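Chain by chain, the residues run as shown.
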Amino acid sequence: MIVAIDGPAGSGKSTTARRAAQRLGGLYLDTGAMFRAIGLAFLDQDQPFTDAAAAVLVPSLTVELDPHPDTSALTVRLNGDDVTERIRSGPAAQAASRAASLGPVRDAMLRSQRAVAADWTSHGRAVVAEGRDMGSVVFPDAPVKFFLIADIEARAQRRAADLAARGETADVDQVRAEIAERDRRDQNRALAPLQAAPDAIVLDTTALTPEEQVERVVQTVRTVQ
Ligand code: C5P
């Protein structure tokens, strides 16, 4: 069973996917974390965001997501280094979005996401995969697909609260501008743009609590099991 959850920045995907995975006893596959780790590698190695640079850089990178068995939280490793905290910064988010428009990056991520999911599902476990193209490109046959949306204001407030909780200064106006820029880039790119799969359930989370969102996902999974 693969559950695909897509949507723009701050739409509630991460909390919903993580908690749904926990309820279902499955794997939380945070594909944004994978793109963020790759984006960080571009920054760390001072590489331009071009296909040519990506074709050389990406094969030298290993991105691993280590799930914590009890919490569904993930430790993210880039070439063995723990980058769990570093990938959450504003610059890492922008770098992720720029790297995510490049063919060599998308190809490598698609292969690795499918391999991880195949491994889990072959052991009878559910996978709750969160990102931008889970239902549209990576797992087009997923029996449950959600596309989360929310007002830009609500999304900016959530992201600012996330950053503040991590001790980063978060100006809501700046956060709003950054997520709008990222959404625009993610929606308009040629490869795997951010869009709802035709068979996705569109859920507006503006006025929903995380518990209500998780409940919707879990109930939908129960109906197809
Ligand atoms: O979800 P998160 O904000 O962590 O994602 C960071 C960036 O990674 C997104 O803005 C998007 O450009 C990219 N991404 C993607 N495809 C995915 C997941 C994330 O292009 N499946």
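Note that this is a predicted model, so its numbers are computed, not measured. (Residues numbered from 1 in each chain as written. Predicted model: local features only at pLDDT ≥ 70, side-chain atom pairs only at ≥ 80, totals over all residues. Heavy atoms only, no water.)

What follows deals with the overall build of the protein. Within the protein, the secondary structure is distributed over 9 helices and 8 strands. The C-alpha atoms of the protein give a radius of gyration of 16 Å, which matches the 17 Å a tight globule of 225 residues would have. Its C-alpha atoms give the protein principal-axis dimensions of roughly 50 × 40 × 35 Å. The burial tally for the protein puts 49% of its 225 residues in the buried class. When contacts within the protein are restricted to residue pairs at least 6 apart in sequence, those whose partners lie at least 24 apart make up 76%. When the accessible area of the protein is evaluated, it comes to approximately 10300 Å², of which 51% is carbon and sulfur surface. Side-chain charges in the protein split into 26 positive and 31 negative, and the spacing between the mean points of these groups amounts to 2 Å. (Helix = DSSP H or I, 4+ residues; strand = E, 2+ residues; numbered from the N terminus. Rg over C-alpha atoms; globule rule 2.2 N^0.38 Å. Buried < 20%, exposed > 50% of the residue type's maximum accessible area, 1.4 Å probe, protein only. Contact = heavy atoms within 4.5 Å. Areas by Shrake-Rupley, 256 points an atom, 1.4 Å probe, with all protein chains shown as cover. Lys, Arg positive; Asp, Glu negative; His and termini not counted. Charge placed at Lys NZ, Arg CZ, Asp CG, Glu CD.)

Under the feature "binding site: ATP" (unreviewed entry), the UniProt entry names Gly7, Pro8, Ala9, Gly10, Ser11, Gly12, Lys13, Ser14 and Thr15. By the element assignment, Pro8 lies in the loop between β1 (2-6) and α1 (13-24). Residue class for Pro8 comes out buried when judged on its relative accessible area of 9%. The contact partners of Pro8, leaving out residues within four places of it in the chain, are Lys13, Arg132, Phe147, Leu148, Arg155, Asp183 and Leu194. Position of Ser14 among the secondary structure elements: in helix α1. The class of Ser14 is partly exposed, set by a relative accessible area of 25%. Residue contacts for Ser14: discarding those within four places in its chain leaves Tyr28 and Glu130. (UniProt positions renumbered as here; feature names shortened; annotations may be inferred.)

Across all of its chains, the model carries 1 aromatic pair by this definition. Relative to Phe49, the ring of Phe42 has its centre 5.0 Å away and its plane inclined at 15 degrees; by these criteria the two rings are stacked. Here the two residues Phe42 and Phe49 agree in accessibility, since each one is buried. (Phe/Tyr/Trp six-rings, centres within 6.5 Å; stacked < 30°, edge-to-face > 60°.)

This part takes up the pattern of salt bridges. This structure, assessed with the given rule, holds 16 salt bridges. Where Asp199 meets Lys145, a salt bridge forms, and the shortest distance between an N and an O atom there is 3.0 Å. Here Asp199 is found in the loop between α8 (172-188) and β8 (201-204), whereas its partner Lys145 is found in strand β7 (residues 144-149), with 54 residues between them in sequence. One salt bridge connects Asp162 with Arg159, and the closest N-O pair in it is separated by 3.9 Å. Of this pair, Asp162 and Arg159 both sit in helix α7 (residues 152-165), 3 residues apart, which is roughly one turn of the helix. What makes Asp162 partly exposed here is its relative accessible area of 44%. Taking the relative accessible area as the measure of exposure, Arg159 reaches 18% and is therefore buried. Each of Glu85, Arg166 and Glu168 takes part in one network of salt bridges that share partners. (Salt bridge = Lys/Arg side-chain N within 4 Å of Asp/Glu carboxyl O.)

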